[in-house]
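# Fold and geometry: a report
Take a look at the letters that make up each chain.
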Amino acid sequence: MEFLRPASWQEALAAKAEHPAAVPIAGGTDVMVEINFDHRRPAYLMDLNRVTELQEWEIGADTVRLGASVPYTKIMEHLRTELPGLALASHTVASPQIRNRGGVGGNLGTASPAGDAHPALLAGGGQVEAASVRGTRMIPLDDFYLGVKRNALEPDELIRAVHLRKASGPQQFSKVGTRNAMVIAVCAFGIALHPDTRTVRTGIGSAAPTPIRARTAEEFLTAALDEAGLWDSRGPVPPSVAGQFADLVAGAANPIDDVRGTASYRRHALGVMARRTLGWTWQEYRDAN
Amino acid sequence: MADQPRTAPARPGTSAAAPGRIPTSLTQGTGSATTKGGIGESTLRPDGILKVTGEFAYSSDLWHEDMLWGYTLRSTVAHARILSIDTGEALATSGVYAVLTYDDLPTEVKNYGLEIRDTPVLAHGKVRHHGEPVALVAADHPETARRAAAKIRVEYEELPVVTDEASATAPDAILVHEGRDDHHSGHVPHPNVVHRQPIVRGDADAAAARADVVVRGDYVFGMQDQAFLGPESGLAVPAEDGGVDLYVATQWLHSDLRQIAPVLGLPESKVRMTLSGVGGAFGGREDLSMQIHGCLLALRTGKPVKIVYNRFESFFGHVHRHPARLRYEHGATRDGKLTHVRCRIVLDGGAYASASPAVVGNAASLSIGPYVVDDVDIEALALYTNNPPCGAMRGFGAVQACFAYEAQMDKVAAELDLDPVEFRQRNAMEQGTIMPTGQPVDSPAPVAELLRRVKAMPLPPEQQWRTTEGADVRALPGGLSNTTHGEGVVRGVGYAVGIKNVGFSEGFDDYSTARVRIEVINGEPVATVHTAMAEVGQGGVTVHAQIARSELGVTQVTIQPADTRVGSAGSTSASRQTYMTGGAVKNTCEAVREKVLDLGRRRFGTYHPAWATAELLLEGGRVVTDGGEALADIADVLGDESVDLELEFRHRPTQAFDLRTGQGNGHVQYSFAAHRAVVEVDTELGLVKVVELACAQDVGKALNPLSVVGQIQGGTTQGLGVAVMEEIVVDPKTAKVRNPSFTDYLIPTILDTPTIPVDVLELADEHAPYGLRGVGEAPTLSSTPAVLAAIRQATGLELNRTPVRPEHLTGA
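As the structure is a prediction and not an experimental result, all values here were calculated from the model. (Residues numbered from 1 in each chain as written. Chains lettered and ligands numbered in written order. Predicted model: local features only at pLDDT ≥ 70, side-chain atom pairs only at ≥ 80, totals over all residues. Heavy atoms only, no water.)

### Observations concerning the overall build of chain A
In terms of helices and strands, chain A carries 11 helices and 13 strands. Whereas a compact globule of 289 residues would reach a radius of gyration of roughly 19 Å, chain A reaches 19 Å, a difference of no more than 12%. If you line up chain A on its principal axes, its C-alpha atoms span 60 × 45 × 30 Å. Residue burial in chain A is summarised as follows: out of 289 residues, 57% are buried. In chain A, the proportion of contacts linking residues at least 24 apart, taken out of those at least 6 apart, comes to 62%. Here chain A has roughly 11,500 Å² of accessible surface; of this, 50% comes from carbon and sulfur atoms. (Helix = DSSP H or I, 4+ residues; strand = E, 2+ residues; numbered from the N terminus. Rg over C-alpha atoms; globule rule 2.2 N^0.38 Å. Buried < 20%, exposed > 50% of the residue type's maximum accessible area, 1.4 Å probe, protein only. Contact = heavy atoms within 4.5 Å. Areas by Shrake-Rupley, 256 points an atom, 1.4 Å probe, with all protein chains shown as cover.)

So, in structure tokens, the structure goes:
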């Protein structure tokens, strides 16, 4: 195995162009596990830790440009206001040691359905900034996940950053695991209220081949809130609406039975999380008045 | 012969470069003039800070110049004929020094085992479980060894698997072991039953006729892993005399030695074993792992060979706790007295016997719990299947039974509309109670009192997760995963109590050896204690120093590394080491003391009449009378002489259980603990937060109170683990392990570990050294059923299986 250590982003892109099989590594919290278990023996490993701009973030007018290697700890500490859903999800990532190393770029690069960041990213909305020696392109998160551990990157592309919409309303993240910390998701759910567009977005983790949005549930809820004038009245969401939303979220999932849980439990739990997180976000929206 | 260790062979890796200091060879002192640091004090363990700061040298840190790395090729299927093994390509790999298969074993002894020698050193003709060792590679780099092993081509012809009682004992079932001729094979109902132990006492049928209520239940206990710190590892160094020096993390050096030497074709004197840094054991190191493999490779290559399992391999490298299916029937009269118990306990022993026969004996004899029941009909058995081998784990057969009988006790109490604690107290055993085996309980058995104490502890406040800023999710089910802010959360409280035997039972000649020396160094008397006791985290080395201080009146005690230059200390298991090797240290110290006093009488007897007339003690570095008068300094008594003795210590003999009736005085001592669990359950998501696990335990005498509380809290947490998360999942169709990693085999984190208030009772057992009672296992028993009882109370569900998974609580 060859170990590439580019000193700059340009060098990294050049190296990736020359060795498309190179696996980028930053915190190593995902890649090293695969190597240790011998699930993966890449011919080239590309250490991105010398490319320090990957660890930076910029807060713009409408978006946050989050460097691919910004560790979860920094997201929790500094981006709670702008990215509340992702900050909550970051809290649930493994242990403090892992959160000090791992970042969103790793989750996106691996594109495992169990990555903790995905439901929050999907619910918040944004784009992946993918770069190569050929140039830079923006891939909407909605188009990024293609299959189990497959994403939309070309072989010569690296993830530079994600551009995430700054929260215009409350966001929540919830994850079921069979212990109270340091656990891989049995399933996870993210929700973001977007009062600016009067829409609701969601994200589901570990309950389909890829991270997905529960689009039917989103459309139903967006319409129901609109029809009842609740964005303006800030009145309570009727339980029947919350219940229907929960059912639609559960129905959007396409889970399997595995060693971590059953498909039917995953569906059930997603419904419960959907109802609760809707309750929490909507209450926060009402209280914010 | 390749490089010999240049320094004393007892310490490979003691160079500054390698953090290989063997932690048991520490001189522990208290720096006090009087005899401080004796028994009853909470002296600190020498390995504690090293472990917490990451500086402790585990056996995996061993290093030797020029050493090779061993790797074990394991079966990828659970049950198959081996048609061929082609090692050619592996042997041709650059950097590979040896590739060994069954055909390379040097003697006619090709199997090993704790009680039944049914386990092949390397698979021969057949593999019987997933992950069975098939071939060994030694290479100059661990990665080279691993890659070479991947080039070994093994051709399997898969066989059907037997995975449970129905498949294993069917008339046409494929036999896991053909042609059995072990000492249990004559009395078992089927060749796929390792051992069966019935216990019949009184007349259960007649007693059942008197019962006002009869409660039945079927229970399932999942397969738990010891999940100890420090996966299996060791270093084998070939010696010039043709023997081998083996440094290894294990639980019983001499038991290993007895199994290793014949396979190597060496006399035991040429296999010199030294305990290396052990992280933990919990029974998982009673069976051999890399010991013989490392020695074979070292003797073949003439080079030191180190083998280190990673965590994945460790799940295949040791036995697990027997999963069990238990069927119980309890009867009681309206006034709350048990009439009878019938039970049947089926343990899955997996592919090899390991400790299964003894686990069966425990499960049977302790199957009804710490209660008075005169009429019982009991049967326990262990199966041979193609599942992973199961054997010793903390609680050893008593754990599975306790889970079931305590669930039954709650059910009967509910039928009688009695408080579950009150019902248990009405039936609690006490000193004088006759066990189902006919053996009287001849030391304190404060079962009712332990229950009273644990119930009397104040309950934790309700809804501790409520804060002024909202819900503190860390205190709620789901924890940091943020699944509830209080929605669906219901509290439950449950109780349980258990009984565990201490020491080896059923007629086993259980003994420990201690060598103690006292001499003057720099004007001060110093004691040296040498045993072969495996320090696996239980704190034995701390206690040995305390005993030597108390018995010999010295301050400075050196604990020698545990090795086979001294006699056997028996196993660090069965809650026995403080009793047995602690007892041996005490016993030898007393003999040493008599020699010191004899020396004093000879030297100074004429100067003071008390030398002849008074009861003399060694205290604070001096010889004193029982009246407190100092007669001489120990240093002056000894002068240039030293006293050095090695003696064996035995507990009272026990008897085998009758094979038909189960009658016999099989046990030495019992240990009792009671728990109260307080849980909060998210009833919608099926997630559990254990809020508190209060424990009361009788320890006879707390030699080191801090260590005692640590043992109780650790055992309690291990019991919690198997209540709510820990389970090795085996595919019933293929018998393959599905979750051999800490990613999917979950053990409690600190956020899952509740506060554990501990109430320690000290009622002396007059038969035991200092009156002490083994501590380590009892808290593991009652913790699990207490948590289950609390979850049942919170949810109203029956829950006859452990661990409880979220889908069991939600019905989804």
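Alright, that's what it looks like, and here's the rest.
### Regarding the pattern of salt bridges
Residue and element names in this part refer to chain A. Counted according to the given criterion, the structure contains 70 salt bridges over all chains. D47 is the salt-bridge partner of R5, the closest N and O atoms lying 3.1 Å from each other. With a gap of 42 residues between them, R5 in the loop between β1 (2–4) and α1 (9–18) and D47 in strand β3 (residues 44–47) connect regions that are remote in the sequence. On the accessibility criterion, R5 (42% relative accessible area) is partly exposed. What makes D47 buried here is its relative accessible area of 7%. (Salt bridge = Lys/Arg side-chain N within 4 Å of Asp/Glu carboxyl O.)

### What to know about the pairing of strand β29 (residues 630–633) of chain B
A regular strand places its side chains so that they alternate between the two faces of the sheet. Residue and element names in this part refer to chain B. Of the strand pairs in this sheet, strand β28 (residues 622–625) and β29 are connected by three bridges, and their pairing is antiparallel. Note on β29: the bridge partner recorded for V623 is A632. The hairpin formed by β28 and β29 contains four residues between the paired strands, and G628 there has a positive phi angle of roughly 100°. (Pairing = 2+ DSSP bridges.)

### Brief notes about unusual backbone geometry
For the peptide bond that leads from T802 of chain B to P803 of chain B, omega is 0°, which places it in the cis range. Within the element layout of this structure, P803 of chain B appears in the loop between β34 (801–802) and α19 (806–810). One non-glycine residue with positive phi stands out, namely A111 of chain A, at about 55°. When you line up the elements, A111 of chain A lands in the loop between α6 (104–110) and α7 (117–124). Its identity as a non-glycine residue notwithstanding, F282 of chain B has a phi of 55°, on the positive side.

### A word on the interface of chain B and chain A
Contact with chain B, which involves 41 residues of that partner, is made by 33 residues of chain A. Regarding the contact of chain B and chain A, the summed buried area is about 3,000 Å², with carbon and sulfur atoms giving 51% of it. Residue E684 of chain B pairs with R275 of chain A through a salt bridge whose shortest N-O separation is 2.8 Å. For the interface between chain B and chain A, the tally reads 22 residue pairs in polar contact (both at pLDDT 80 or more). At the level of secondary structure, the elements contributing two or more residues to the side of chain B that touches chain A comprise α3 (142–150), β32 (687–698) and α19 of chain B. Of the residues contributing to the side of chain B that touches chain A, the split by class is 16 nonpolar, 13 polar and 12 charged. (Buried area = accessible area lost by both parts, 1.4 Å probe. Polar contact = N/O pair within 3.5 Å; in protein donor to acceptor, adjacent residues only side chain to side chain. Nonpolar A, V, L, I, M, F, W, Y, C, P; charged D, E, K, R; others polar.)

### As for the UniProt feature "domain: FAD-binding PCMH-type" (unreviewed entry) in chain A
As recorded in UniProt, the sites labelled "domain: FAD-binding PCMH-type" (unreviewed entry) are residues 1–169 of chain A. The span residues 1–169 of chain A is 30% helical and 26% strand by assignment, and the distance between its end C-alpha atoms comes to 47 Å. (UniProt positions renumbered as here; feature names shortened; annotations may be inferred.)

### Focus on the sheet that holds strand β12 (residues 187–194) of chain A
Residues and elements named next belong to chain A. In spatial order, the strands read β11-β12-β13; together these three strands make up an open sheet with antiparallel pairing. Every other strand in the sheet has two partners, leaving β11 (171–176) and β13 (199–205) as the edge strands with one partner each. This sheet shows a mean twist of 10° between the axes of neighbouring strands, independent of strand direction. Pairing of β11 with β12, which is carried by six bridges, proceeds in the antiparallel orientation. Among the inter-strand pairings, F173 is bridged to a residue of β12, identified as G190. On the sheet, helix α11 (residues 263–287) packs against β11, β12 and β13 and is oriented at approximately 30° with respect to β12. (Axes fitted to C-alpha atoms, helices over the stretch in contact; angles between N-to-C directions.)

### Quick word on the side chain of E379 of chain B
All names here are of chain B. Relative to the assigned elements, E379 resides in strand β19 (residues 375–383). Given the relative accessible area of 17%, E379 is considered buried. Within the local environment of E379, its side chain forms a polar contact with the side chain of R344, the two groups lying 2.9 Å apart. When near neighbours in sequence (up to four residues on either side) are disregarded, E379 contacts R196, Q197, P198, C343, R344 and I345.

### Quick look at the pairing of β13 of chain A
Residues and elements named next belong to chain A. Counting buried residues in β13 gives six out of seven residues, a clear majority hidden from the surface. Pairing between β12 and β13: seven bridges, direction antiparallel. By the bridge assignment for β13, A188 is matched with G205. The antiparallel hairpin formed by β12 and β13 contains four residues in its connecting segment, where R198 sits at a positive phi of about 55°.

### As for the sheet that holds strand β31 (residues 669–682) of chain B
Residue and element names in this part refer to chain B. The mixed open sheet is built from four strands, whose spatial order is β23-β31-β32-β33. The open sheet terminates on both sides in strands that have one partner only, identified here as β23 (489–502) and β33 (758–761). Each strand axis lies, on average, 20° off the axis of its neighbour in the sheet, ignoring direction.

### So, the packing of aromatic side chains
For any pair of aromatic rings, the description consists of the separation of the ring centres together with the inter-plane angle of the planes. Throughout the structure, instances matching the rule amount to 18 aromatic pairs over all chains. Residue placement shows R234 of chain A over the ring face of Y285 of chain A; its charged tip is 4.0 Å from the ring centre. Cation over ring: K586 of chain B sits above Y770 of chain B, and NZ or CZ is 5.0 Å from the ring centre. (Phe/Tyr/Trp six-rings, centres within 6.5 Å; stacked < 30°, edge-to-face > 60°. Lys NZ or Arg CZ within 6 Å of the ring centre and 35° of its normal.)

### Points about the domain arrangement of chain B
Many authors give the size of an interface as the accessible area that is lost as the parts come together. All names here are of chain B. According to the domain assignment, chain B contains domain 1 (62–159 + 229–280 + 285–317), domain 2 (165–225 + 326–398), domain 3 (446–500 + 668–810) and domain 4 (511–650). The C-alpha centroid of domain 2 is placed 34 Å from the C-alpha centroid of domain 1. Between domain 1 and domain 2, the contact holds 16 residues from the first and 23 residues from the second. Of the roughly 1,500 Å² buried between domain 1 and domain 2 on both sides combined, carbon and sulfur atoms contribute 55%. When the buried area of domain 1 at its contact with domain 2 is split by residue, E115, I116 and R128 rank highest and sum to 37% of it. At the surface where domain 1 touches domain 2, the tally comes to one salt bridge. (Domains from an automatic or database assignment.)

### As for the side chain of E551 of chain B
All names here are of chain B. Among the structural elements, E551 can be located in helix α13 (residues 540–552). On the basis of relative accessible area, E551 is assigned to the buried category, the value being 8%. Within the structure, the side chain of E551 is placed 2.5 Å from the side chain of Y770, a separation counted as a polar contact. Not counting residues up to four positions away in its chain, the partners in contact with E551 are K586, C589, E590, R593, L618 and Y770.

### Concerning a nonpolar patch on the surface
A cluster of nonpolar side chains, V33 and F37 of chain A together with F312 of chain B, forms an exposed patch at the surface whose accessible area comes to about 240 Å². Counting through the fold element by element, F37 of chain A comes out in the loop between α2 (31–36) and β3. (Patch = residues over 30% accessible without salt bridge, like charges linked within 9 Å, V, L, I, M, F, W, Y side chains within 5 Å.)

### Brief notes about the nonpolar core
Residues and elements named next belong to chain B. Core analysis: the biggest nonpolar cluster contains 94 residues, and Y328, F423, V787 and I791 have the highest contact counts within it. Considering each element in turn, this core owes the most residues, 12 residues, to helix α10 (residues 398–416). Mapping this core onto the domain boundaries places at least three of its residues in each of domain 2 (165–225 + 326–398) and domain 3 (446–500 + 668–810). Grouped together as the second largest cluster of nonpolar side chains are 85 residues, M273, I307, A514 and A569 included. (Core = buried A, V, L, I, M, F, W, Y, C linked by side-chain atoms within 4.5 Å.)

### Points about the UniProt feature "domain: Aldehyde oxidase/xanthine dehydrogenase a/b hammerhead" (unreviewed entry) in chain B
Residues annotated by UniProt as "domain: Aldehyde oxidase/xanthine dehydrogenase a/b hammerhead" (unreviewed entry) correspond here to residues 53–160 of chain B. Taken end to end, residues 53–160 of chain B is 12% helix and 35% strand, and its two terminal C-alpha atoms sit 49 Å from one another.

### Considerations on the packing of α10 of chain B against helix α11 (residues 420–427) of chain B
Two numbers describe a pair of packed helices, the interaxial angle and the distance between the axes. Residue and element names in this part refer to chain B. Remark: α10 packs on α11, axes separated minimally by 9 Å, with the N-to-C direction vectors making an angle of 105°. Taken together, α10 and α11 sit at an angle that is classed as roughly perpendicular. Each of E406, M409, D410, V412, A413 and L416 in α10 lies in contact with α11, whose residues at this interface are P420, F423 and R424. Across the contact of α10 with α11, the residue classes break down as six nonpolar, no polar and three charged. (Parallel < 35°, antiparallel > 145°, perpendicular 65-115°, else oblique.)

### Concerning the environment of A545 of chain B
Secondary-structure assignment places A545 of chain B in helix α13. For the pair formed by A545 of chain B and Q556 of chain B, sequence separation is 11 residues and the distance between their alpha carbons is 8.4 Å.

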